[in-house]
Amino acid sequence: MSSSPRKKKRSSGPRRLAKVLYRTLVVLSAGVVILWAGWKLASRRPSTADPPPQSSSAVTDDPGTEENESQGLTRKDGTWTFLLAAEDQVSGSTDTIMVCTYDTVNQKIGLVSVPRDTLVDRDGWKYHKINAAYPNGNIANPPDGGILDLKDAVSEVLGIPIDHYVLVDTEIFVEVVDEVGGVDFDVPVHMSYDAPDQDLHIHFEPGLQHLTGQQALEVVRCRKNSDGPGRYPHNIYDAYPDADIGRTRTQQNMVKAIARKVLSNPQKLGSYIEIFSRYVKTDLSLGNLLWFADPALGFDFADLTTATLPGDGTATYRGTEACYALDVEESLKIINSCLNPYTTDVTRDMVRMIQGD
């Protein structure tokens, strides 16, 4: 009597589920490994810049070398400096100028505002306020001429190399903030400014509030109010007791608030890159940005230090009024505590801080 063929046993429900889960995990793991490998292959370590002219003889060429006895200064390993600038939507000059130093080894960031009226005097320039370097730079023809002049001017003033620049259209505030669902921000002062010719209407009271992208942009732009008596024409007066210095402080705080919200939503990296590509001009490559993304995702904002270079905003220089003459000694303290990419201090003979007449 022939035996009937044995029936293949079907896996039980739990065993079948376990197999599916196992295969899914294998596929996901392989995908993660491939993405990680692609990320590492695409990322490129950023370059560093030459030192400004007045300190070039004192700085070693290799940022990774030990201190050179004959030259005296060397760059810290894993530390980069950046010029962050935003275009004024009305004048076309740079409404916001900041310098950032990122120490990726010790995970520390210094962010320092350079007042827009800071005094400068460079060969061939017909103006003496640093914000006029962009777009009126002395470099002929190249499309990046103005921002490169601004980068060089800031480097000379501070006595440190500026490795890379990031020039933003302020509309980026609108899209990035909206992309992360708005931002909570403590508006510091009463703001009431109307400019119908610009279709600009800014109205906020002090206090913590949830801002949309457009509102965030309005807050960082406001520096004058138009609803009270003042020393300016058309009934306009300063929104801040310390004038433009107060606004730079608000800009710093807004940048921190937005950056914190952006880094807390890393799943939106693709959207950030797309927005960045439309509103930012930079000499950083995509590979450089990917290189910085790795350490930045683990950054603790408790290690972010902000400051504004102190000085006198009533200085006059060669017929130009309302210039900002930096306080050299106090500015050096901020440069060395927040921005210095060297292993030893920046000294007075390395900076170029012009004083008034």
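For the structure, see preceding data.
Reading the values: the criteria
- Residues numbered from 1 in each chain as written.
- Predicted model: local features only at pLDDT ≥ 70, side-chain atom pairs only at ≥ 80, totals over all residues.
- Heavy atoms only, no water.
- Helix = DSSP H or I, 4+ residues; strand = E, 2+ residues; numbered from the N terminus.
- Buried < 20%, exposed > 50% of the residue type's maximum accessible area, 1.4 Å probe, protein only.
- Contact = heavy atoms within 4.5 Å.
- Areas by Shrake-Rupley, 256 points an atom, 1.4 Å probe, with all protein chains shown as cover.
- Core = buried A, V, L, I, M, F, W, Y, C linked by side-chain atoms within 4.5 Å.
- 1 Å grid on protein atoms, 1.4 Å probe; cavity = no way out; pocket = protein on both sides within 12 Å on 5 of 7 lines; lining within 4 Å.
- Points joined across faces, edges and corners; volume = space filled by probe spheres on them.
- Nonpolar A, V, L, I, M, F, W, Y, C, P; charged D, E, K, R; others polar.
- Axes fitted to C-alpha atoms, helices over the stretch in contact; angles between N-to-C directions.
- Parallel < 35°, antiparallel > 145°, perpendicular 65-115°, else oblique.
- Left-handed = near helix turned anticlockwise from the far one by under 90°.
- Salt bridge = Lys/Arg side-chain N within 4 Å of Asp/Glu carboxyl O.
- Pairing = 2+ DSSP bridges.

### Focus on the overall build of the protein
Check the secondary structure of the protein and you find eight helices and 14 strands. The buried share among the 357 residues of the protein stands at 45%. Counting only contacts in the protein whose residues sit at least 6 apart along the sequence, the fraction spanning at least 24 positions is 63%. Within the structure as shown, the protein displays about 19000 Å² of accessible surface, and the carbon and sulfur contribution to it stands at 54%.

### Notes on the nonpolar core
In this structure, I172, M191, V219 and M254 are the most contacted members of the largest nonpolar core, which totals 48 residues. Broken down by element, this core gets its largest block of residues, five residues, from helix α3 (residues 171-179). Those residues within four positions of V219 in sequence are excluded, and the remaining contacts are F185, V187, M191, F204, L211, Y240, T250 and M254.

### Considerations on helix α4 (residues 213-221)
The element α4 is largely enclosed, with a buried count of seven among its nine residues. Within the span of α4, buried status applies to G213, A216, L217, E218, V219, V220 and R221. Buried residues along α4 sit in contact with α3, β5 (183-187), β6 (191-195), β7 (200-204), β8 (207-211) and α5 (244-263).

### Some details on empty space enclosed by the protein
This structure, assessed with the given rule, holds one cavity of 30 Å³ or more. Around the largest cavity sit V120, D121, R122, A153, E156, V157, R352 and I354, which together line it. A breakdown of the residues in the lining of the largest cavity according to their chemical character gives four nonpolar, no polar and four charged.

### Looking at the packing of α3 against α5
With their axes 10 Å apart at the nearest point, α3 and α5 run at an angle of 40 degrees to one another. Overall, the two elements α3 and α5 adopt an arrangement that is oblique. Crossing of α3 over α5 shows left-handed handedness. Counting all contacts with α3, which are made through F173, V176 and V177, the residues of α5 involved are M254, I258 and V262. Across the contact of α3 with α5, the residue classes break down as six nonpolar, no polar and no charged.

### A closer look at the pattern of salt bridges
Applying the stated criterion across every chain yields a total of 14 salt bridges. Between D238 and K224 there is a salt bridge, with its nearest N and O atoms 2.7 Å apart. With a gap of 14 residues between them, D238 in strand β10 (residues 237-238) and K224 in strand β9 (residues 224-225) connect regions that are remote in the sequence. Exposure class is identical for D238 and K224. Each is buried. Where E330 meets K333, a salt bridge forms, and the shortest distance between an N and an O atom there is 3.1 Å. Of the two residues, E330 and K333 both sit in helix α8 (residues 328-339), three residues apart, roughly one turn of that helix.

### Let's talk about the layout of surface pockets
In this structure, the second largest pocket spans a volume of roughly 210 Å³. Considering the residues around the second largest pocket, the lining is formed by 14 residues, among which K76, K108, G110, S337 and C338 are closest to the centre. Taken together, the elements giving at least two residues each to the lining of the second largest pocket come down to β2 (94-103), β3 (108-113) and α8. It is α8 that contributes the most residues to the lining of the second largest pocket, four residues altogether. Along the lines of polarity and charge, the residues of the lining of the second largest pocket split into three nonpolar, seven polar and four charged.

### Side note on unusual backbone geometry
What you tend to see is this: most non-glycine residues have negative phi, and most peptide bonds are trans. Residue Q107 is not a glycine yet carries a positive backbone phi of 50 degrees. Summarising the element assignment, Q107 is placed in the loop between β2 and β3. Notably, R318 is not glycine yet its phi reads approximately 50 degrees, a positive angle. Along the polypeptide, R318 turns up in the loop between β13 (311-317) and β14 (320-326). On the accessibility criterion, R318 (56% relative accessible area) is exposed.

### Thoughts on the sheet that holds strand β1 (residues 79-87)
Pairing in this open sheet of six strands is mixed, and the strands run β11-β4-β1-β2-β3-β12 from one edge to the other. The sheet terminates laterally at β11 (280-282) and β12 (304-308), the two strands that pair on one side only. Within the sheet, the average angular offset between the axes of one strand and its neighbour, ignoring direction, is 20 degrees. Two strands pair when backbone bridges link them, and β1 and β2 are joined in this way by nine bridges, in the antiparallel orientation. The residue of β2 that forms the bridge with A85 is I97. Lying over the sheet, helix α6 (residues 269-279) contacts β4 (164-168) and β11, oriented at roughly 80 degrees with respect to β11.

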